[in-house]
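The residues making up each chain are set out below.
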Amino acid sequence: MHTIVTVDGPSGVGKGTLAQLLCDYTGFHFLDSGAIYRTLAYGVIAKNIDLANMPELVNLAESLPVIFESGRVLFDGKDITTAIRNEEVAAMASKVAAIPEVRAALLQRQKDFAQAPGLVADGRDMGTIVFPKAHAKLFLKASAEVRAERRVNQLKNQGVTVNIAQITRDIMERDERDQNRSVSPLVPAQDAFIIDTSDLNIDQVFEKAKEFLQKRGI
Ligand code: DC
């Protein structure tokens, strides 16, 4: 088995940034599993698929024409890197991710990312379901308010004006769905190292994560 590092936690907690830093540090491949759910959500919206239409939904999940290439996400050859980051897609991703058949259809595709020399996998259930035997499991957490503030700053930098109260509500609604769904709910693996990032900057989070990896011989 290849060396696997999992980074799980709710949205806006800094998983993506940490996972990228850990990829640079280890030289491992990167799996952004949220981008897979977001791409499926993009396809559902683009093709106007009814969430109750299970055969069509599962068919799209199984045949999802997604390619990750040098940090870009391509759907049927179309560059959707930016499009999958909007709130509409995020809300739909959280809905499709709660459907057990969808998660089952996407499981093997995620496992296939484990290739030499190793993998850093970012998501919600990387350490619990997709890679339960991972060598080092990290779980990041932070209050909904802190995460909303980070999201608002991120959007501001992109020139988008947003309402912080609305963003906080959206985040809490998604957390609620992600934590309480019947399959693969967002919970830390028993052997996960938990980092509360509320009062830490990314360098401090990276240092803690790196120390943990070193303890695990990575
Ligand atoms: O990490 P993200 O915000 O890009 O994830 C988008 C949605 O996909 C989010 O609502 C949770 C869901 N997701 C999931 O259920 N399991 C994963 N491994 C990754 C993401």
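Here's what I pulled together on the structure shown here. In this convention, every chain numbers its residues from 1, walking through the sequence in written order. Owing to the predicted nature of the model, reporting of local features is limited to residues with pLDDT of at least 70; listing and counting of side-chain atom pairs is limited to 80 or more, with chain, interface and lining totals taken over all residues. The basis for every side-chain value is the complete set of non-hydrogen atoms in the structure, without hydrogens or water.

1. Description of the site of the ligand
Let me state the cut-off plainly: Any residue with a heavy atom lying within 4 Å of a molecule or strand is counted as near it. In the analysis that follows, any N or O atom pair within 3.5 Å is treated as a polar contact, provided that within protein one partner can donate a hydrogen and the other can accept it, and provided that, for residues neighboring in sequence, both atoms belong to side chains. Working definition of accessibility: Shrake-Rupley area with a 1.4 Å probe, residue cover restricted to the visible protein chains. Helical segments are the DSSP runs of H or I of at least four residues, strand segments are the runs of E of at least two, and each set is numbered from the N terminus.
If you check the shell around the ligand, you find 16 residues, and the closest are Arg38, Arg103, Arg124, Asp125 and Arg181. With respect to the ligand, the side chain of Arg124 contributes an N or O atom lying 2.8 Å from an oxygen atom. Between the ligand and Asp125, the relevant distance is 2.9 Å, taken from a nitrogen atom to a side-chain nitrogen or oxygen of the residue. Coverage of the ligand by the protein chains reaches 96% of its 450 Å² of free accessible surface. The element best represented in the shell around the ligand is helix 2 (residues 33-46), accounting for four residues.

2. What to know about the packing of aromatic side chains
What counts is decided by this rule: When two rings of Phe, Tyr or Trp (its six-membered ring) have centres within 6.5 Å they constitute a pair, described as stacked for plane angles under 30 degrees, edge-to-face for angles over 60, and tilted for the intermediate range. Think of it in three bands: residues with accessible area under 20% of the maximum for their type are buried, residues over 50% are exposed, and the middle band is partly exposed, with areas taken using a 1.4 Å probe on protein chains only.
Applying the stated criterion across every chain yields a total of four aromatic pairs. With a centroid separation of 6.0 Å and 85° between ring planes, the pair formed by Tyr25 and Phe206 is classed as edge-to-face. Pair noted here: Tyr25 is in helix 1 (residues 15-26) and Phe206 is in helix 9 (residues 202-215), with a separation of 181 residues, a long-range link. The exposure class of Tyr25 is partly exposed, given its relative accessible area of 33%. Residue classification places Phe206 among the buried positions, given a relative accessible area of 15%. Taken together, a centroid distance of 6.0 Å and an interplanar angle of 70° make the contact between Phe68 and Phe113 edge-to-face. Of this pair, Phe68 sits in strand 3 (residues 66-69) while Phe113 sits in the loop between helix 5 (100-111) and strand 6 (118-123); the two residues are 45 residues apart in sequence, bridging distant segments of the chain. With a relative accessible area of 33%, Phe68 lands in the partly exposed category. You can call Phe113 partly exposed: its relative accessible area is 22%.

3. Things to note about the environment of Val5
The condition that has to hold: Contacts are assigned to residue pairs with any non-hydrogen atoms lying within 4.5 Å of each other.
Here Val5 shows up in strand 1 (residues 3-8). A relative accessible area of 1% places Val5 in the buried class. Filtering out sequence-adjacent residues up to four positions away, Val5 remains in contact with Leu22, Phe28, Leu119, Val120, Ala121, Ala136, Leu138, Leu213 and Ile218.

4. Side note on the environment of Ala104
Within the secondary structure layout, Ala104 lies in helix 5. A residue is classified by how much of its surface remains accessible, and Ala104, at 55% relative accessible area, is exposed. As a C-alpha pair, Ala104 and Glu207 span 103 residues in sequence and 35 Å in three-dimensional space.

5. Observations concerning the pairing of strand 3
Where we set the bar: Strands qualify as paired when DSSP identifies two bridges or more between them.
Taken together, the four bridges between strand 3 and strand 4 (residues 72-75) define a ladder with antiparallel strand orientation. Bridge pairing in strand 4 places Phe68 opposite Val73. What sits between strand 3 and strand 4 in their antiparallel hairpin is a turn of two residues, with Ser70 showing a positive phi close to 40°.

6. A look at the pairing of strand 1
For strand 1, the buried fraction is high: five of the six residues fall into the buried class. Pairing of strand 1 with strand 6, which is carried by six bridges, proceeds in the parallel orientation. Note on strand 6: the bridge partner recorded for Asp8 is Gly123. Sheet topology places strand 1 next to strand 7 (residues 136-141); four bridges connect them, and they run parallel.

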